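Remarks on the overall topology
Take a look at the letters that make up each chain.
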Amino acid sequence: MTVRLGIIGLGQAAQILHLPNLEHMEEMFKVTAVSDISAALTDYIADKYNVKNRFRTAEELIACPEVDAVMVMSSGDHAEYAIKALDAGKHVFIEKPMTLSAESAKRLIEAQERHPDLIAQVGYCRRYNESFYKMKELLRSSDLPITYVHARTVILEGPWYISNTWTEKKATDLDPSGKQVMMANLFASIKSLIGENATRAQIIAFLLITGSGCHILSAVRELIGLPKKIKAATVSPNGMQLALIFEYDGFNMVFEEMNDQKVVEFDESIEIYQGTRKLKLKYDSPYIRSLPSTLTVDELDGDKAKHTVYGPHYQDMFGLEEKEFYRSITESKRPKCDVYDAAEDIKLYLDIAKVLCESTS
Ligand SMILES: NC(=O)c1ccc[n+]([C@@H]2O[C@H](COP(=O)([O-])OP(=O)(O)OC[C@H]3O[C@@H](n4cnc5c(N)ncnc54)[C@H](O)[C@@H]3O)[C@@H](O)[C@H]2O)c1
């Protein structure tokens, strides 16, 4: 069975992360419709990928009878389109973050409950990865208690990575002032979520957490669960350097995110210490296709130090999550990153924002 896909939003995520994969998964997917607020971009992608239906509005795409499943990867909040897609009887793949508000997450869960036979999957690609699966398996099969966790998201010079590996087509027909209006609306909507007194730095930090930090936070949640408490949260005056301390039963986790240095570096990693053992998962880059992820394990056994490397694993994370979307649809199985799962993350982001706003205002 081929799932007929409609894609809403044809920017970086569609062009670099998903469309090139989907093109090579023709036994699973066929892109039959695309839509972007930019007509020029819609035409460019429809021509490039030979897509039969092109629409100016997401609503028309959702209503298209030649679409079985909708992928939402537009800018802005994804809840409305995802709910409309479910209510139109379509499966839906929602790029992260699913939404930023607890109210919208609740409405998405209600939509899923109205349509229990439809699949709604959220795009937490770092959780679809061989090194990640191995780390989870090693943790599950170990009696050693966790003693410390350190995780980081450092994505510096993202545009440099992309410009060296891909050519991204930008919309040329949109009013440039629209971007400023969109940013102003975004800042206003985040204030309404995290507090009307939130500073610019706090809002930027919230955007960092929900934009890029969310991958590692979600991966850590799958590995070790939610923290009992957020002990501390601090942000630099420009909002681009962030440190969080989470309290778990018997150990702490430190998470850092930073995005303001002129250095080409991609370091997303999770280190889990268990007294005599340390597991470290490192993602090299989600943008340069097929760069590996690696899991290393350091152990002290008596006076012997042992270093084991699992990987490097070259499987493309986006391809693995797309395959799970396909399997979930064709085998009627809930994906692990469903709307209930993603709602846990949204609660965590809002809890972090609360501590951040209290401690740095
Ligand atoms: N999984 C990942 O690693 C990853 C990486 C990058 C982006 N993303 C996610 O993908 C989504 C899109 O990010 P991006 O980097 O592609 O952004 P982008 O700005 O490059 O592209 C967004 C596109 O959506 C279009 N758009 C805006 N409003 C629309 C609407 N109402 N209907 C149709 N199209 C609309 C814009 O014109 C633009 O072309 C975001 O949710 C982002 O968090 C995920």
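Here's what I pulled together on the structure shown here. (Residues numbered from 1 in each chain as written. Predicted model: local features only at pLDDT ≥ 70, side-chain atom pairs only at ≥ 80, totals over all residues. Heavy atoms only, no water.)

This part is about the environment of Ala 188. Within the secondary structure, Ala 188 is located in helix H8 (residues 177-194). A residue is classified by how much of its surface remains accessible, and Ala 188, at 44% relative accessible area, is partly exposed. Considered as a pair, Ala 188 and Ile 203 are 15 residues apart in the sequence and their alpha carbons are 9.5 Å apart. (Helix = DSSP H or I, 4+ residues; strand = E, 2+ residues; numbered from the N terminus. Buried < 20%, exposed > 50% of the residue type's maximum accessible area, 1.4 Å probe, protein only.)

Our focus in this paragraph is the state of the cysteines. Scanning the model with the defined rule gives 0 disulfides in all. Of all cysteine sulfurs, the one in Cys 125 lies closest to Cys 337, which takes part in no disulfide; the gap is 9.4 Å. Judged by relative accessible area, Cys 337 falls into the buried class, the value being 0%. (Disulfide = S-S within 2.5 Å.)

Neighbouring the ligand are 25 residues; Ala 13, Asp 36, His 78, Tyr 81 and Lys 96 lie closest to it. The contact in question runs from an oxygen atom of the ligand to an N or O atom on the backbone of Gln 12, over 3.0 Å. In this structure, a nitrogen atom belonging to the ligand sits 2.7 Å away from a side-chain N or O atom of Tyr 81. Relative to its unbound accessible area of 840 Å², the ligand is 81% covered by the protein chains. In terms of residue count, the dominant contributor to the shell around the ligand is helix H1 (residues 12-23) (3 residues). The class makeup of the residues in the shell around the ligand is 12 nonpolar, 9 polar and 4 charged. (Near = heavy atom within 4 Å. Polar contact = N/O pair within 3.5 Å; in protein donor to acceptor, adjacent residues only side chain to side chain. Areas by Shrake-Rupley, 256 points an atom, 1.4 Å probe, with all protein chains shown as cover. Nonpolar A, V, L, I, M, F, W, Y, C, P; charged D, E, K, R; others polar.)

Every buried residue of helix H4 (residues 79-87) is listed here: Ala 79, Ala 82, Ile 83, Ala 85 and Leu 86. For H4, the buried positions fall inside an angular range of 160° around the axis, keeping them on one side. Each element contacted by the buried residues of H4 is listed here: helix H3 (58-63), strand S4 (69-72), strand S5 (91-95), helix H5 (102-114) and strand S6 (120-123). (Arc of directions from axis to C-beta. Contact = heavy atoms within 4.5 Å.)

Moving on: empty space enclosed by the protein. The gaps left among the atoms become clear once a water-sized probe is rolled over them. Under the definition given, this model contains 2 cavities of 30 Å³ or more. In this model, the largest cavity occupies a volume close to 100 Å³. Split into classes, the residues belonging to the lining of the largest cavity amount to 8 nonpolar, 6 polar and 3 charged. Lining the second largest cavity are Leu 217, Val 220, Arg 221, Gly 225, Leu 226, Pro 227, Phe 246, Tyr 248, Met 253 and Leu 348. At the level of elements, helix H9 (200-224) and strand S9 (241-248) are the ones that each hand at least two residues to the lining of the second largest cavity. With 3 residues, the top contributor of residues to the lining of the second largest cavity is H9. Within the lining of the second largest cavity, the residues separate by chemical class into 8 nonpolar, 1 polar and 1 charged. (1 Å grid on protein atoms, 1.4 Å probe; cavity = no way out; pocket = protein on both sides within 12 Å on 5 of 7 lines; lining within 4 Å. Points joined across faces, edges and corners; volume = space filled by probe spheres on them.)

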